[in-house]
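Notes for the structure review
Chain by chain, the residues:
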Amino acid sequence: MIEWQPIILSVKVALMSLIFVAILGIACAYAMRRWEFGAKALFEALFTLPLVLPPVVTGFLLLLLIGKRGPLGWIFSEYFHTKIIFTPYAAILAGTVVAFPLMYQSTKAAFQGVDCQFEDAARTLGASEWRVFWTVTMPLAWPGLVAGLVLSFARALGEFGATIMVAGNIPGKTQTLPLAIYFAAESNDLGTAGLYVVIISVITFTAVYWLNVWTKNRVKVSVYRGMF
Amino acid sequence: MLTVDIIKTLPDFRLQLNFTVANSILVLLGPSGCGKTTTLRCIAGLTCPDDGTITFGKEIFYSGSNQIFVAPKDRNIGYMFQDYALFPHMNVNNNIWYGVKQKTVEIKQSYDKLVELLKIGHLANRAIHQLSGGEKQRVALARALIAQPKILLLDEPLSALDCDTRLELRSELKKMQAISKIPFILVTHDLEEARSMGDQVLFIERGLQVPPSARWKECLCGREKLG
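About the criteria used
Residues numbered from 1 in each chain as written. Chains lettered and ligands numbered in written order. Predicted model: local features only at pLDDT ≥ 70, side-chain atom pairs only at ≥ 80, totals over all residues. Heavy atoms only, no water. Helix = DSSP H or I, 4+ residues; strand = E, 2+ residues; numbered from the N terminus. Buried < 20%, exposed > 50% of the residue type's maximum accessible area, 1.4 Å probe, protein only. Contact = heavy atoms within 4.5 Å. Areas by Shrake-Rupley, 256 points an atom, 1.4 Å probe, with all protein chains shown as cover. Buried area = accessible area lost by both parts, 1.4 Å probe. Salt bridge = Lys/Arg side-chain N within 4 Å of Asp/Glu carboxyl O. Polar contact = N/O pair within 3.5 Å; in protein donor to acceptor, adjacent residues only side chain to side chain. Patch = residues over 30% accessible without salt bridge, like charges linked within 9 Å, V, L, I, M, F, W, Y side chains within 5 Å. Lys, Arg positive; Asp, Glu negative; His and termini not counted. Charge placed at Lys NZ, Arg CZ, Asp CG, Glu CD.

A word on the overall build of chain B
Counting secondary structure elements, chain B contains 8 helices and 11 strands. In terms of its C-alpha atoms, chain B occupies a principal-axis envelope of roughly 50 × 45 × 30 Å. Taken across its 227 residues, chain B has 52% of its residues classed as buried. At a minimum sequence separation of 6, the contacts of chain B that also span at least 24 residues come to 69%. With an accessible surface of roughly 10,500 Å², chain B has 50% of that area assigned to carbon and sulfur atoms.

Quick look at the structure:
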């Protein structure tokens with residue numbers, strides 16, 4: 001009999017991470033496109049770092065941040081009398097950090113694909129930057145954003161290295177699907193591990209397949225509309 | 001009266017222009033890359049000049065010395081882009097109404113009048129991709145004018161159209177200017193268009209106003225020979 005808790009927790013963690021990833025990814029991509037500043041190349045490299053660093057290294061850095069003696073860990077312990085480390089919140093944080101570069105890169109590419117003339121036209125028609133963003137930039141960048149969301153969800157769902165460093169492997173509390181697979185395989189319970197592998201594969205495959213079909217249909221509509 | 005006195009350093013030359021325009025059509029005429037579009041963008045507030053002033057009556061849109069820069073949304077200057085920049089994800093109606101903050105009775109009357117004058121009533125629910133070049137031009141003009149701008153800037157508005165449509169729309173633009181009684185600033189590199197449209201023509205070469213030289217006459221002759 002398989003435990004459903006790791007599956008439910010993984011989906012919850014991935015969805016919660018997705019909310020943070022979406023907000024941060026869109027905000028950072030927009031800021032990097034809109035404003036010029038000296039340290040832009042530095043931020044660009046920082047935003048891409050979790051994509052190229054081994055997840056265990058990312059996890060270690062997060063451990064330094066949210067551990068008992070880490071600045072964030074200390075603030076939570078001192079002012080809120082709680083901790084993030086070895087809780088599902090740490091898994092959400094790990095998922096957010098590792099999935100962020102995918103959302104950021106997809107959103108940045110999507111924003112760069114929006115012709116500035118449409119935004120300028122909106123400005124000359126009296127629209128505030130906020131209105132330009134919501135009524136022109138976002139609708140035109142939407143396909144790239146959706147791609148970023150799907151990839152980020154899949155990445156957060158499959159996160160292992162950083163999660164084990166900061167959330168640990170507490171069954172029923174912080175054990176996500178990839179951790180459950182690893183520990184089931186390690187204890188030679190290949191049946192359970194295989195079942196979990198099938199479940200996570202089906203979820204991620206469905207998400208990516210849906211994205212491909214959606215993008216293909218959208219391109220067809222756009223070609224018909226003469227947008228390309 | 002719009003007064004423009006701006007300096008802007010561009011990669012290849014320095015744009016330095018000084019002109020005024022009352023309620024008439026001013027044509028900025030010059031070869032591609034001479035700074036015409038940059039001038040329009042400076043007036044609209046989409047590009048910031050390096051120095052100078054842009055005023056409309058008593059209203060200051062830009063003053064380098066006083067560090068005043070009014071954002072494009074607060075200038076109330078209509079801008080028709082070269083390829084119209086109609087929002088592809090909205091239909092014609094939503095494009096036209098985009099710049100209207102409150103649909104008052106007066107605005108609704110103005111909409112009916114514009115739609116009738118520009119003959120675009122039957123296009124209201126169409127998607128942008130379903131429009132011809134001439135229809136797009138008319139919709140873009142309606143979108144710019146319904147927001148009741150103080151000035152209308154037109155960046156090569158007829159360049160993408162065929163000859164017949166161009167001739168038809170030239171007279172429509174002149175008619176719209178006569179009705180709206182606001183300054184129109186039109187950018188073109190076509191001497192014939194400048195002659196037929198402009199109440200005033202400003203010749204620009206490499207960012208500077210120049211007298212109508214023999215070169216322009218040569219250009220026209222050359223074009224006629226080619227044609």
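Re the interface of chain B and chain A
Across the boundary between the two partners, chain B contributes 22 residues, which contact 21 residues of chain A. Together, the buried faces of chain B and chain A total about 1,900 Å²; carbon and sulfur atoms form 64% of this surface. On the surface where chain B and chain A come into contact, there are 1 salt bridge. Here Arg41 of chain B and Asp120 of chain A are joined by a salt bridge, their closest N and O atoms 3.1 Å apart. Counting the contacts that link chain B with chain A gives 4 residue pairs in polar contact (both at pLDDT 80 or more).

Digging into a positive patch on the surface
All names here are of chain A. Taken together, the side chains of Lys68, Arg69, Lys83 and Lys173 define a basic patch exposed on the protein surface. Here Lys83 shows up in the loop between helix 4 (71-79) and helix 5 (88-112). For Lys83, a relative accessible area of 45% puts it in the partly exposed group.

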